[in-house]
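Secondary and tertiary structure notes
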Amino acid sequence: MDTVLYFFFTAAYILLVIWGFNQQRTWNFTAFLTLVLFGLIYDNGIIAIGKFIGEGTLLENLSLLRFWSHAFLTPLLVLFCWGAMNQAGIQWAKKKIIFYGFLLYTAVLIVIELALETWGLEIIPEQQYGVLRYVSAETASGPPIMVLLVTVVLVLAGIVLWKEIGWNWMLIGAVTMGIGSAVPIEVESSAATNAFELFLLFTLVWTKNRVEKTNENQRGSENEAFQF
């Protein structure tokens, strides 16, 4: 069952990339979301085909790349948040100190994930619910710090977009993801909870398309005013 779910998630993220590209108006910081989506395509895809590759060095190395890509790509959601607020025309977000603050925060998150989770990571094979994948040899002592700190930024940026332009879907996605990750769900599946992550990314792509359209409309209005 989980194999089918992971193939579904992989296909869903591919469709989100296509949707985002089709709606792309300008290349800006919201495009960092595409890199995150590519990381999720790889992550879910490797898990989906794990049992077909079989236990061994190949799957182990491919799985290690999953962890490294997660460390470098997931924090890019912070830069997406800045890009979304910038595209939405939120003036204080355009200040250099705010921009550099988001850059620094992203870099710190990458370092945190590398230092606490990725560097020196040892992984072992695990077969569960019909899926073969490699997982950390150490039992997690709590929720990953980097993911929590990224979620905080997503929620705060979602609140800003809701207050400034009346768009609440990014906030809904971030809150749903946070609740889904925190509340234990009694299902015989290790993949089912990934549906919350998919919902979040859907709302982020939707947000990306919306704020870029908002930015385009604002530029159009300024051009019309100038011509008048």
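Per-chain numbering applies: the sequence of each chain, read as written, is numbered from 1 onward. Confidence filtering applies because this is a predicted model: local features only for residues at pLDDT of at least 70, side-chain atom pairs given and counted only at 80 or more, and all residues used for totals across whole chains, interfaces and linings. Hydrogens and water are ignored here; the side-chain numbers use all heavy atoms of the structure.

**Thoughts on a nonpolar patch on the surface**
A patch consists of residues exposed above 30% relative accessible area that lack any salt bridge, with like charges linked at up to 9 Å and nonpolar side chains (Val, Leu, Ile, Met, Phe, Trp, Tyr) linked at up to 5 Å. To measure how exposed things are, a 1.4 Å probe is used in the Shrake-Rupley method; for residues, cover is taken only from the protein chains shown. What makes a salt bridge here is a side-chain nitrogen of Lys or Arg within 4 Å of a carboxyl oxygen of Asp or Glu, nothing more. A contiguous nonpolar patch, built from F7, I49, F52, I53 and L58 and spanning about 460 Å² of accessible area, is present on the exposed surface. In terms of residues, the nonpolar patch owes the most to one element, helix α2 (residues 32–53), which gives three residues. A run of H or I in DSSP becomes a helix once it reaches four residues, and a run of E becomes a strand once it reaches two; helices and strands are each numbered from the N terminus. Turning to its location among the elements, L58 is positioned in helix α3 (residues 57–73). Throughout, exposure labels follow a simple rule: accessible area from a 1.4 Å probe, protein chains only, divided by the maximum for the residue type, with under 20% read as buried, over 50% as exposed, and the rest as partly exposed. By relative accessible area, L58 is classed as exposed at 55%.

**Focus on the packing of aromatic side chains**
For this analysis, a ring pair means two rings from Phe, Tyr or Trp (six-membered ring only for Trp) whose centres lie within 6.5 Å, classed as stacked if their planes differ by under 30 degrees, edge-to-face if by over 60, and tilted for the remaining angles. Under the definition given, this model contains 15 aromatic pairs. Measuring from centroid to centroid gives 6.5 Å for F7 and F52, while their planes differ by 45°, and the two rings are tilted. With a gap of 45 residues between them, F7 in helix α1 (residues 2–22) and F52 in helix α2 connect regions that are remote in the sequence. Residues F99 and Y100 carry aromatic rings whose centres are separated by 5.4 Å and whose planes lie at 50° to one another, so their mutual orientation is tilted. The ring of F67 carries the charged tip of R66 above its face, separated from the ring centre by 5.2 Å. Two thresholds decide whether a charge sits over a ring: the Lys NZ or Arg CZ must be within 6 Å of the ring centre and within 35 degrees of the ring normal.

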